[in-house]
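Topology and contacts: notes
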Amino acid sequence: MTAAQLIILVILAVTVALFIWGAWRHDMVALASLLACVFTGLIDPQDAFAGFAHPAVVTVACVLVLSRGLQGTGALDALAQRMIPSGGGKVLAIGALTGVGALLSGFMNNVGALALLMPVAADVAEKHELPPGKVLMPLSFGTILGGMTTLIGTPPNLIVSGFRATAGVGSYGMFDFTPVGLVVAMVGVLFVCLIGWRLVPARGQVGAATFDTGTYLTEALVGEKSAAAGKTVWEITRLLVEEDAQVVGIVRNDARVAAARAGQRVNAGDILVIEAEPEALASVISSLGLTLAGGPAQGDAQKRTREAEARGSAGKSVAADADGKIRGATKRGKERDRATGGEEVQLRELVVMPDSSLIGRTVQHLHLPSHYEVNLLALSRQGRRTVRRLRSTPLLAGDALLMMGTDDDINTLAADKGCVPLAFRDISIPNKEKAAVALVAMALAVAGATFGLLPAAISFATCVLAFMALKVVPWRGVYDAIDGSVLVLLGALITVAEAMETTGAADLVAQGLLDTLAQGEPLVALVLILVITMTLSDFMNNAATAAVMCSIAIGVAEQLQANPDSFLMAVAIGASCAFLTPVGHQNNMLILGLGGFRFGDYWRMGLPLEILVVLVSVPMLLWVWPL
């Protein structure tokens, strides 16, 4: 082993460990890995950023923009709704929903496909009186499975194609992944709808009208005339028994008391930290005469709030029904508002997407009242409490936020910051004309890449330009649609992976696998590459997994004098099968809080599904891409 090989292997080991650890963002880890290679002399500084010019990076950026256009115009909404049967049982409904998710994710971003179908999933859960998680997890897994069916379905496929081109045998075509990927996806979807959904733990309320976001923590100000003023925490708790709520902390003089003692007396001016279900928050606030510490939005929204409260009855919150439940606007209510010209303040639940710009930021730094005229009233985070003030709590992917503001203001915030409204989704108004343009342009781009008329990157870049020129995607929204962290990850790791090849480290690892485990057997080596890739993908970013494993797969194929396509396709399949943990794929992380899941819930359906993928994909690989 040479010094260069030892250095690159150490850098790679540290990189993988940091990915699994998860304390740093994946793009930070990838950039650190690239710079480490530069500082140790493994990569020439002039070539350090050559990976960013790779066609895979350009294609991924284009697909993200095109996915935003297909979502924003409503081009796929009607298709999705029509393909979900109105009748039939649970198996048919879950199967249709999962199948549509798999179909859509073959041509758009996986996260976008999931977000598009989440409102439909809510309807399915409500109609069939199922816990939301039993619909959400099958949908998430279906969208992941569908990504492996086409070149643009998921970033790992584009990376694999790029490494094949680098090896000198040309890149893959649009549907070269389809023979194996489609069979695996179909078998996976059948398993999920027939057996898999039954293995998902029942978390949350059966038949919930919205996804189970767990209890919320909210802060409420105790006024001079509040029923809570002068009472002890124990006395207040007795008043809240029927609402199944409790006081978990007190903020006094801006200092947090993490655990409120039963005998502690509450004074006017204190802020109570209350834990309650979202449906009970209105009754809690009303019965104690409290004021939400988030306060009404500033400016016009503040005036609208006072007017809306004046129209309320029996002292109930503006967002409370006659039965005290907090809900978003109904369609009938919104139509009435438009007809009368009024804009009522609503309470809406938003969930933070994995690519949201809110992640890691606190409410006090976002200035939501001044920028969007909305306020954060409460936060739910996968059933866990936070010891920080609400305004100083960094937001995470999967957090459920209870927002107060007008419908338009909340929708603007959701669109700008990367959030998804729960229960109903109306961020954009479908535009049939633009939807038709988007579908035609996308079809032409796919055809151009499929028939080799243009390279995939050029074909989809042309489609992006058409989307911009025809205003399918707003100009200011083009760069918002691009996840810069993914591009940094790809560009950096492609260069690092090339360093593995030039130093001979990839061949060294491949030889070690062959000598110690595969014993020179190509079939055993193929299964090893698939299983190792699948395991890594469960704990680190799938694009990073593909970039790391492609060099090793090519090295193994060269050592065995076997067909490299078999091993590269095994990497593509394995990288797209992150079913054991919530951290392996953005979709799994997104449903973690919405389905009320715990970290250990995923393997129950994920493990048998991954075993099934291995059993199905290996024979298909041997048939379509013989060794």
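Residues numbered from 1 in each chain as written. Predicted model: local features only at pLDDT ≥ 70, side-chain atom pairs only at ≥ 80, totals over all residues. Heavy atoms only, no water.

Looking only at helices and strands, the protein chain features 26 helices and 9 strands. Across the 627 residues of the protein chain, 55% fall into the buried class. Considering only intrachain contacts with a sequence separation of at least 6, the fraction spanning at least 24 residues in the protein chain is 77%. Accessible surface for the protein chain amounts to roughly 25,800 Å². Of this, 59% is attributable to carbon and sulfur atoms. (Helix = DSSP H or I, 4+ residues; strand = E, 2+ residues; numbered from the N terminus. Buried < 20%, exposed > 50% of the residue type's maximum accessible area, 1.4 Å probe, protein only. Contact = heavy atoms within 4.5 Å. Areas by Shrake-Rupley, 256 points an atom, 1.4 Å probe, with all protein chains shown as cover.)

Attention now moves to helix α20 (residues 484-503). Taking 1.5 Å of rise per residue, the 20 residues of α20 would be expected to cover 28 Å, and the 29 Å separating its terminal C-alpha atoms lies within 8% of that figure. Burial analysis of α20 places 15 of its 20 residues in the buried class, which makes it a mostly covered element. Remark: Gly-504 follows α20 within two positions and exhibits a positive phi of approximately 85 degrees. (Expected span 1.5 Å × (residues − 1).)

What follows deals with the confidence of the model for the protein chain. Interpretation of the predicted coordinates at a detailed level should be avoided for regions scoring low in pLDDT. Here the protein chain shows a mean pLDDT of 78. Residues at 70 or above account for 81%. The low-confidence segment residues 296-342 (pLDDT under 50) makes 65 contacts with residues lying over four places distant or belonging to another chain. With pLDDT under 50 throughout, residues 424-429 is counted as low confidence; its partners more than four residues away or in other chains account for 21 contacts. (pLDDT = per-residue confidence, 0-100.)

Another point: the packing of aromatic side chains. According to the stated counting rule, one finds 5 aromatic pairs in the structure shown. Considering the side-chain rings of Tyr-172 and Trp-625, the 5.9 Å spacing of their centres and the 70 degrees angle between planes classify their relative orientation as edge-to-face. Taken as a pair, Tyr-172 in the loop between α8 (155-166) and α9 (178-199) and Trp-625 in the segment after α26 (603-624) lie far apart in primary sequence, 453 residues in all. This pair shows no difference in class: Tyr-172 is buried, exactly as Trp-625 is. Among the aromatic residues, ring-to-ring pairing joins Tyr-172, Phe-177 and Trp-625 into one connected group. (Phe/Tyr/Trp six-rings, centres within 6.5 Å; stacked < 30°, edge-to-face > 60°.)

The next subject is the environment of Pro-455. By the element assignment, Pro-455 lies in the loop between α17 (432-450) and α18 (456-469). Take Pro-455: its relative accessible area is 53%, and that puts it in the exposed class. Along the primary structure Pro-455 and Met-174 are separated by 281 residues, whereas in three dimensions their C-alpha atoms are 9.8 Å apart.

Tracing the backbone through its elements, the reader meets Ala-445 in helix α17. Between the alpha carbons of Ala-445 and Cys-463 there is a distance of 6.0 Å; along the sequence they are 18 residues apart. In this structure Ala-445 touches Ser-459, Phe-460 and Cys-463, once residues within four positions along its chain are discounted.

Turning next to the pattern of salt bridges. Evaluation of the coordinates by the stated rule reveals 3 salt bridges. Residue Arg-164 pairs with Asp-565 through a salt bridge whose shortest N-O separation is 2.6 Å. With Arg-164 in helix α8 and Asp-565 in helix α24 (residues 564-575), this pair connects stretches of sequence that are 401 residues apart. Residues Arg-164 and Asp-565 agree in their burial class; the two are buried. (Salt bridge = Lys/Arg side-chain N within 4 Å of Asp/Glu carboxyl O.)

Moving on to the nonpolar core. Judged by nonpolar contacts, the single largest core of 151 residues is most densely connected at Phe-460, Ile-529, Val-556 and Phe-567. Leaving out residues up to four positions away in the same chain, Phe-460 has contacts with Thr-59, Cys-62, Leu-66, Ile-152, Met-174, Met-442, Ala-445, Val-446 and Ala-449. (Core = buried A, V, L, I, M, F, W, Y, C linked by side-chain atoms within 4.5 Å.)

Attention now goes to unusual backbone geometry. Despite not being glycine, His-367 shows a phi value in the positive range, around 55 degrees. Since its relative accessible area comes to 43%, His-367 is described here as partly exposed. Phi at Gln-561 takes a positive value of approximately 55 degrees, unusual for a residue other than glycine. For Gln-561, the location among the structural elements is in the loop between α23 (542-560) and α24. Looking at Gln-561, the relative accessible area reads 75%, which means it is exposed.

Take the side chain of Thr-406 next. With respect to the element layout, Thr-406 can be found in strand β8 (residues 400-406). Engagement of the side chain of Thr-406 in a polar contact is seen with the side chain of Asp-409, the distance being 2.9 Å. (Polar contact = N/O pair within 3.5 Å; in protein donor to acceptor, adjacent residues only side chain to side chain.)

Counting buried residues along strand β7 (residues 375-380), 6 of its 6 residues qualify, which places the element largely inside the surrounding structure. Of the pairings in the sheet, the one linking β7 to β8 comprises 5 bridges and is antiparallel in character. Paired with Asn-375 across the bridge in β8 is Met-404. (Pairing = 2+ DSSP bridges.)

The geometry of helix α7 (residues 133-146) relative to α26 is characterised by a closest axis approach of 11 Å and an angle of 30 degrees between their N-to-C directions. The angle between α7 and α26 places the two elements in the roughly parallel class. As α7 packs across α26, the resulting crossing turns out to be right-handed. Each of Met-137, Pro-138 and Phe-141 in α7 lies in contact with α26, whose residues at this interface are Met-605, Gly-606 and Leu-609. The class makeup of the residues in the contact of α7 with α26 is 5 nonpolar, 1 polar and no charged. (Axes fitted to C-alpha atoms, helices over the stretch in contact; angles between N-to-C directions. Parallel < 35°, antiparallel > 145°, perpendicular 65-115°, else oblique. Left-handed = near helix turned anticlockwise from the far one by under 90°. Nonpolar A, V, L, I, M, F, W, Y, C, P; charged D, E, K, R; others polar.)

In a regular helix each residue adds 1.5 Å, so 16 residues correspond to 22 Å; helix α5 (residues 90-105) covers 22 Å between its end C-alpha atoms and thus fits that length. Of all the positions in α5, only Ala-93, Ile-94, Gly-95, Ala-96, Leu-97, Thr-98, Val-100, Gly-101, Ala-102, Leu-104 and Ser-105 are classed as buried.

Attention now moves to the environment of Ile-236. Topologically, Ile-236 is positioned in helix α10 (residues 233-239). Exposure remark for Ile-236: the relative accessible area of 0% places this residue in the buried category. Considering only alpha carbons, one finds Ile-236 and Val-266, 30 residues apart in sequence, at a separation of 9.0 Å. Beyond its immediate sequence surroundings of up to four residues, Ile-236 is in contact with Ala-228, Lys-231, Val-247, Val-266, Leu-272 and Leu-288.

With that out of the way, let us pick up the packing of helix α21 (residues 505-518) against α23. Between α21 and α23, whose axes approach to 8 Å, the crossing angle comes to 65 degrees. Remark: the crossing between α21 and α23 carries right-handed chirality. On α23, the residues that touch Ala-506, Asp-507, Val-509, Ala-510, Gln-511, Leu-513 and Leu-514 of α21 are Ser-551, Ile-552, Gly-555, Val-556, Glu-558, Gln-559 and Leu-560. Of the residues assigned to the contact of α21 with α23, the class counts are 8 nonpolar, 4 polar and 2 charged.

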